[in-house]
Amino acid sequence: MALDLKVSVKRQIDKLQKELAAATARVATLRDEIKRHEVIYDMLDGGRPKAGRRGQGAGGPKAATQRRGPRGAMIDWNAVFDTLPGEFTLDTIGANKTAGEKPRAYLRQVVVRWSKEGRIKRTGRGMYQKT
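Since the model is a prediction, treat every value here as computed from it, not as a measurement.

Caption draft 1: Up close: the pairing of strand β4 (residues 120-124). Examined bridge by bridge, β4 and strand β5 (residues 127-130) share four bridges and lie antiparallel to one another. Residue pairing in the sheet places I120 in a bridge with K130 of β5. Adjacent in sequence and paired antiparallel, β4 and β5 are bridged by two residues, among which G126 carries a positive phi angle near 75°.

So this is what it looks like as structure tokens:
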């Protein structure tokens, strides 16, 4: 008798696990539908759909050089570059009011980007020069 009860309980556990898996899949499907409808709603409300990656989508070439700051404001890195002297360091960039809000590691990424674009060259350890 105990063996039959054990088998019965095991069957019930398996049945409940299958139901849970089906319900979880249904919830995931509903979440996807909600996201899709929210995008459509935003488009109908006059908004634009969000681009897949940062710096892409509508906005022209200047959109790729602007990034959002910690408070959501756009940082115009071209304007920051224009304010720099002929030779500068990361500390010089960090002294800029808007660029100073960014972490030092991010400023290094900006310097690497400028270097790849040919706008600056490295003159020494931590020293850069406009070209």
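Moving on from the model shown.
Caption draft 2: Examining the side chain of N96 more closely. Its location among the elements puts N96 in the loop between α3 (90-94) and α4 (104-117). Judged by its relative accessible area of 18%, N96 is buried. A polar contact is formed between the side chain of N96 and the backbone nitrogen of A99, at a distance of 3.5 Å. Leave out the neighbours within four places in its chain, and N96 touches V80 and T83.

Caption draft 3: Looking closely at the pairing of β5. Strand direction decides the pairing type here: strand β3 (residues 87-88) and β5, joined by two bridges, are antiparallel. In the strand pairing of β5, F88 is matched with Y128.

Caption draft 4: Expanded view of the packing of aromatic side chains. On inspection of all chains with the given rule, the structure shows four aromatic pairs. Taken together, a centroid distance of 6.0 Å and an interplanar angle of 40° make the contact between W77 and Y106 tilted. Note that W77 is positioned in helix α2 (residues 77-83) and Y106 in helix α4, a separation of 29 residues in sequence. Take W77: its relative accessible area is 1%, and that puts it in the buried class. Look at Y106 and you get buried, because its relative accessible area is 18%. Judged by centre distance (6.5 Å) and plane angle (70°), the ring pair of W77 and W114 falls under edge-to-face. Taken together, the residues span a long stretch of sequence, with W77 in helix α2 and W114 in helix α4 at a distance of 37 residues. Of the two residues, W77 and W114, both sit in the buried class.

Caption draft 5: Layout of the nonpolar core. If you look at the biggest cluster of nonpolar residues, it comprises 16 residues, and the most contacted ones within it are W77, V80, I93, W114 and I120. Listing elements by their share of this core, those giving two or more residues are α2, α3 and α4. When residues of this core are assigned to their parent elements, the largest contribution, five residues, is made by α4. Contact partners of V80, with chain neighbours within four places excluded, come to I75, I93, N96, T98, A99 and W114.

Each value, and the rule that gives it
Residues numbered from 1 in each chain as written. Predicted model: local features only at pLDDT ≥ 70, side-chain atom pairs only at ≥ 80, totals over all residues. Heavy atoms only, no water. Pairing = 2+ DSSP bridges. Helix = DSSP H or I, 4+ residues; strand = E, 2+ residues; numbered from the N terminus. Buried < 20%, exposed > 50% of the residue type's maximum accessible area, 1.4 Å probe, protein only. Polar contact = N/O pair within 3.5 Å; in protein donor to acceptor, adjacent residues only side chain to side chain. Contact = heavy atoms within 4.5 Å. Phe/Tyr/Trp six-rings, centres within 6.5 Å; stacked < 30°, edge-to-face > 60°. Core = buried A, V, L, I, M, F, W, Y, C linked by side-chain atoms within 4.5 Å.

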